[in-house]
Amino acid sequence: MTKKGLLPFALGKEPCDLVIRGAKVANLFSMELEDVQVAVKDGVIVGVGSGYEGLETLDAEGMTLIPGMMDGHVHIESSWMIPSRFAEAVVPRGTSAVFADPHEIANVLGPDGVIGMFESSRGLPLDVYLGCPSCVPASEFETCKVPMGPGELRSLRDGGYCQHLGEMMNYPGVLSGDQEVWDKIRVFDGMPLTAHAPGLTGKELCAYVLSGCDGDHEATRLEEAMEKLRRGYWVMMREGSAAPDLEALAPLVRDVPLRCHRCMAVSDDLDARTLMEKGHMDHKVRKLCALGVDPLVALRMVTLSVAEYFGLRGRGAIGPGFAADMALVDSIGSMKVHMVFKDGRLVARDGRLTTPPSSVLSPLLLSRGPDLPEVDVKALAVPAKGGAMLRAILFTPGSLLTGSVAVSPVVEDGFVVPSPEIDLAKLMCRERHRGTGRIGVGFVKGLGLRSGAFGSTVSHDAHNAIVAGMDDRSIKTVLDRLNHLGGGVVVAEGDKILAELPLPVGGLMCDMSTWEVVALQERVDRAIGDLGVSGPHPCMALSFLSLSVIPQLKLTDRGYVNLGEGGVLPLWV
């Protein structure tokens with residue numbers, strides 16, 4: 001029905017489809033709670049006030065009606081679930097829309113991966129707006145299946161698959177004026193351009209935002225977020241499984257609530273266990289409120305601010321002409337979700353979808369990479385080099401940032417070996433998309449691993465196979481099993497598989513419910529814990545040790561990479 005056709009219902013001359021009465025209504029225009037009715041016709045809010053009649057009337061006395069929540073930056077693949085299963089997890093928690101950057105699957109399958117995610121997200125009780133992956137590969141030192149240039153981005157834009165430009169991670173290319181990088185940005189001229197500017201400050205921060213990429217989720221310190229806000233960026237406060245930054249950044253909006261007009265709370269990377277145990281956008285609102293942020297300010301950061309940044313008129317608030325995406329909660333601060341409405345239709349009640357979505361999966365996502373030969377265990381050995389110092393990644397729990405450290409290697413029979421005494425594990429990254437099987441070799445300090453090995457094909461952003469281990473036999477077992485499964489997570493000691501979680505969709509996702517994924521994930525995490533690694537998200541922590549665009553030292557299939565020092569670095573200092 002046209003907006004003109006809705007006039008009789010807005011004027012109260014005809015009964016609407018649904019009238020919700022008795023609830024406190026969160027008004028994000030005036031930033032207050034109103035005692036009003038909300039009337040819905042054909043999936044659109046037509047009236048907010050009193051005196052409306054409906055074919056169905058819902059008495060919501062004692063509850064609060066809020067707009068459906070939105071995640072302004074998320075990678076669905078990080079949940080290890082296909083889109084329909086992801087929707088099954090987040091919609092009952094009050095989420096109505098996500099802005100997803102599918103660059104994980106794009107690294108594995110190229111443009112077909114993006115189209116496959118688009119096709120797999122249709123018909124869900126969740127709006128999935130895709131960002132076009134801007135950096136596939138993330139840097140020239142990572143090996144993806146099909147590099148995506150301006151032509152590929154233009155085809156995805158023209159095909160209607162992408163609503164905005166995904167995070168522009170190649171900040172060195174932006175700053176140096178790299179022609180291809182700027183051509184990619186130009187493809188999405190006039191559309192939202194999301195950013196990735198970790199640690200940039202001063203003149204470099206100013207130079208980066210000249211590109212128009214202004215929605216950044218990489219601030220980890222309050223000072224960094226404040227500088228970005230002052231320079232015209234939109235600050236996306238990340239609360240992910242491996243990078244929970246809300247506590248550090250919340251004072252930005254707690255102290256000056258008006259800043260919420262340029263701030264959002266986003267997920268970036270969330271695994272299934274976080275979704276099940278803590279929640280999605282509901283968890284972010286609860287946490288912000290617990291940190292002293294005004295509840296309506298916290299709510300705006302996951303609703304109207306998101307819609308405004310992405311240019312979605314008629315979304316993100318409760319008002320006439322807005323989509324009837326809403327949730328009934330006990331209160332904003334506690335965010336216990338009772339009912340969720342999508343386009344005015346009840347889609348979830350008390351933690352479950354009213355009608356589970358079919359597991360829609362595009363055939364484009366079922367393509368499998370080449371089978372690789374078994375790993376030769378002898379090829380994993382690292383010969384010692386006189387009295388030279390060994391370069392190693394310095395792992396910091398709870399942070400995506402890593403350091404670089406020089407260590408005196410432990411040598412046995414002329415070869416460098418991992419050492420639990422100095423908390424030094426061997427790290428391997430094996431190329432799996434083009435059939436080369438090339439292996440980058442390095443070491444990581446601070447992981448806590450004492451025996452065995454664990455690894456995954458979830459390794460940002462190229463998603464080659466990454467394994468940390470304390471002996472070559474265990475590392476070989478993990479690499480060979482990952483290849484056999486077509487991707488996933490594997491824990492082994494010697495020749496014995498201790499636990500595994502298959503991820504057959506691109507080596508990143510599976511068609512299992514949240515509960516099934518979490519059960520396997522917990523088994524995997526327990527097995528990793530038995531090998532000495534502590535911390536709540538060991539697999540996700542490992543997955544970021546290969547992401548070359550996050551400072552400082554990382555390991556890809558090309559070897560050590562530090563973009564701040566120009567690229568590939570040798571194993572020996």
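The structure presented is a predicted model; accordingly, all values stated were derived computationally and were not measured.

1. Concerning the overall build of the protein chain
At step 1: For the protein chain, the helix and strand inventory stands at 18 helices and 33 strands.
At step 2: The 573 residues of the protein chain split such that 62% are buried.
At step 3: Residue pairs in contact within the protein chain that sit at least 24 positions apart in sequence constitute 69% of those at least 6 positions apart.
At step 4: Of the roughly 20500 Å² that the protein chain leaves accessible, carbon and sulfur atoms contribute 51%.
At step 5: Charged side chains of the protein chain number 55 positive and 71 negative; the gap between the two group centres comes to 1 Å.

2. What to know about the pattern of salt bridges
At step 1: Throughout the structure, instances matching the rule amount to 31 salt bridges.
At step 2: Asp35 is the partner of Lys24 in a salt bridge, and the nearest nitrogen-oxygen pair spans 3.0 Å. Remark: Asp35 occurs in strand β3 (residues 32–35) and Lys24 occurs in strand β2 (residues 24–27); sequence separation between them is 11 residues.
At step 3: Owing to a relative accessible area of 36%, Lys24 belongs among the partly exposed residues under this scheme.
At step 4: For Asp557, the salt bridge is made with Arg438, and the minimal N-O distance between the two is 2.7 Å. Here Arg438 lies in the loop between β25 (424–430) and β26 (439–445) and Asp557 lies in the loop between β31 (554–556) and β32 (559–562), a separation of 119 residues in the sequence.
At step 5: Residue class for Asp557 comes out buried when judged on its relative accessible area of 2%.
At step 6: Overlapping salt bridges, with partners in common, bring together Asp127, Arg315, Asp325, Lys342 and Asp343 in one network.

3. Structural notes on the sheet that holds strand β5 (residues 44–49)
At step 1: Strand order in the open sheet formed by four strands is β5-β4-β1-β6, with mixed pairing between adjacent strands. Two strands lie at the open edges of the sheet, namely β5 and β6 (54–59), each paired on one side alone. Across the sheet, the mean angle separating the axes of adjacent strands is 20° when strand polarity is ignored.

4. Things to note about helix α9 (residues 222–230)
At step 1: Of the positions making up α9, those classed as buried are Glu224, Ala225, Met226, Glu227, Lys228 and Leu229.
At step 2: Directly after α9, the chain includes Gly232, whose backbone phi takes a positive value near 95°.

5. Focus on the packing of aromatic side chains
At step 1: A complete count under the given rule lists six aromatic pairs for this structure.
At step 2: Where Phe118 meets Tyr161, the ring centres are 5.2 Å apart and the plane angle is 85°; that geometry is what we call edge-to-face. Taken as a pair, Phe118 in helix α4 (residues 111–120) and Tyr161 in the loop between α5 (150–158) and β11 (164–168) lie far apart in primary sequence, 43 residues in all.
At step 3: Joined through ring pairs, the aromatic side chains of Phe99, Tyr129, Trp234, Tyr309 and Phe310 make up one cluster.
At step 4: Here Arg352 stacks its cationic end above the ring of Trp515, 5.4 Å away from the centre of that ring.

6. Section: the domain arrangement of the protein chain
At step 1: When the domains of the protein chain are assigned, the result is domain 1 (3–60), domain 2 (69–320) and domain 3 (368–568).
At step 2: Put simply, the middle of domain 2 and the middle of domain 3, counted by C-alpha atoms, are 27 Å apart.
At step 3: When domain 2 packs against domain 3, close to 4000 Å² is buried across both sides, 63% of that on carbon and sulfur atoms.
At step 4: It is Trp80, Phe141 and Thr143 in domain 2 that bury the most area against domain 3; as a group they hold 24% of the surface buried on that side.
At step 5: There are two salt bridges connecting domain 2 and domain 3.
At step 6: The shortest N-O distance in the salt bridge between Asp525 and Arg273 comes to 3.0 Å.
At step 7: For the interface between domain 2 and domain 3, the tally reads 22 residue pairs in polar contact (both at pLDDT 80 or more).
At step 8: Of all elements in the fold, only α2 (83–90), α3 (103–109), α6 (171–176) and α12 (272–277) reach the threshold of two or more residues within the side of domain 2 that touches domain 3.
At step 9: Within the side of domain 2 that touches domain 3, the residues separate by chemical class into 21 nonpolar, nine polar and 13 charged.

7. Notes on the UniProt feature "domain: Adenine deaminase C-terminal" (unreviewed entry) in the protein chain
At step 1: Here the UniProt feature "domain: Adenine deaminase C-terminal" (unreviewed entry) sits at residues 400–563.
At step 2: When the span residues 400–563 is considered, its composition is 23% helix and 33% strand, and the gap between its end C-alpha atoms is 15 Å.

8. Re the sheet that holds strand β10 (residues 127–132)
Neighbouring strands of a sheet are bound in pairs by backbone hydrogen bonds; such pairs are parallel or else antiparallel.
At step 1: With parallel pairing, the eight strands of this open sheet are ordered in space as β8-β9-β10-β11-β12-β13-β14-β15. Here the strands that pair on one side only, and so sit at the sheet edges, are β8 (69–74) and β15 (263–266).
At step 2: Direction of pairing for β11 relative to strand β12 (residues 193–195): parallel, over a ladder of two bridges. Residue pairing across strands places Met168 opposite Ala195, the latter belonging to β12.

9. Remarks on helix α8 (residues 202–209)
At step 1: Along α8, the residues that are buried comprise Leu205, Tyr208 and Val209. All buried residues of α8 lie within an arc of 90° about the axis, which places them on one face of the element.

10. Considerations on the environment of Val337
At step 1: With respect to the helices, strands and loops of the structure, Val337 is situated in strand β17 (residues 337–342).
At step 2: A relative accessible area of 11% means that Val337 is categorised as buried.
At step 3: Remark: the alpha-carbon pair of Val337 and Leu124, spanning 213 residues in sequence, is separated by 19 Å.
At step 4: When near neighbours in sequence (up to four residues on either side) are disregarded, Val337 contacts Pro92, Arg93, Gly94, Ala327, Leu328, Val329 and Asp350.

11. A word on unusual backbone geometry
At step 1: Going from His460 to Asp461, the amide bond is cis rather than trans, its omega being -10°.
At step 2: On the secondary structure map, Asp461 appears in the loop between β27 (453–456) and β28 (465–469).
At step 3: Following Pro551, the chain continues to Gln552 via a peptide bond in cis, the omega torsion being 0°.
At step 4: Along the polypeptide, Gln552 turns up in the loop between α18 (538–543) and β31.
At step 5: Even without glycine at this site, Met31 takes up a positive phi of about 55°.
At step 6: With respect to the secondary-structure elements, Met31 resides in the loop between β2 and β3.

12. Considering a negative patch on the surface
At step 1: Taken together, the side chains of Glu140, Glu152, Asp178 and Glu180 define an acidic patch exposed on the protein surface.
At step 2: Take Glu152: its relative accessible area is 30%, and that puts it in the partly exposed class.

13. Remarks on the side chain of His75
At step 1: Following the sequence through the fold, His75 ends up in the loop between β8 and α2.
At step 2: His75 sits in the buried class, given a relative accessible area of 2%.
At step 3: Each residue touching His75, except ones within four places of it in the same chain, is listed here: Asp101, His103, Glu104, Glu167, Asp268 and Asp269.

14. Digging into the packing of α5 against helix α7 (residues 179–187)
At step 1: It is at 9 Å that the axes of α5 and α7 come closest, and there the two elements cross at 10°. By the criterion of interaxial angle, the relationship of α5 to α7 is roughly parallel. Residues Pro150, Leu153, Arg154 and Arg157 of α5 form the contact with α7, whose participating residues are Glu180, Asp183, Lys184 and Val187.
At step 2: Residue composition of the contact of α5 with α7, by class: three nonpolar, no polar and five charged.

Conventions we followed
Residues numbered from 1 in each chain as written. Predicted model: local features only at pLDDT ≥ 70, side-chain atom pairs only at ≥ 80, totals over all residues. Heavy atoms only, no water. Helix = DSSP H or I, 4+ residues; strand = E, 2+ residues; numbered from the N terminus. Buried < 20%, exposed > 50% of the residue type's maximum accessible area, 1.4 Å probe, protein only. Contact = heavy atoms within 4.5 Å. Areas by Shrake-Rupley, 256 points an atom, 1.4 Å probe, with all protein chains shown as cover. Lys, Arg positive; Asp, Glu negative; His and termini not counted. Charge placed at Lys NZ, Arg CZ, Asp CG, Glu CD. Salt bridge = Lys/Arg side-chain N within 4 Å of Asp/Glu carboxyl O. Pairing = 2+ DSSP bridges. Axes fitted to C-alpha atoms, helices over the stretch in contact; angles between N-to-C directions. Phe/Tyr/Trp six-rings, centres within 6.5 Å; stacked < 30°, edge-to-face > 60°. Lys NZ or Arg CZ within 6 Å of the ring centre and 35° of its normal. Domains from an automatic or database assignment. Buried area = accessible area lost by both parts, 1.4 Å probe. Polar contact = N/O pair within 3.5 Å; in protein donor to acceptor, adjacent residues only side chain to side chain. Nonpolar A, V, L, I, M, F, W, Y, C, P; charged D, E, K, R; others polar. UniProt positions renumbered as here; feature names shortened; annotations may be inferred. Arc of directions from axis to C-beta. Patch = residues over 30% accessible without salt bridge, like charges linked within 9 Å, V, L, I, M, F, W, Y side chains within 5 Å. Parallel < 35°, antiparallel > 145°, perpendicular 65-115°, else oblique.

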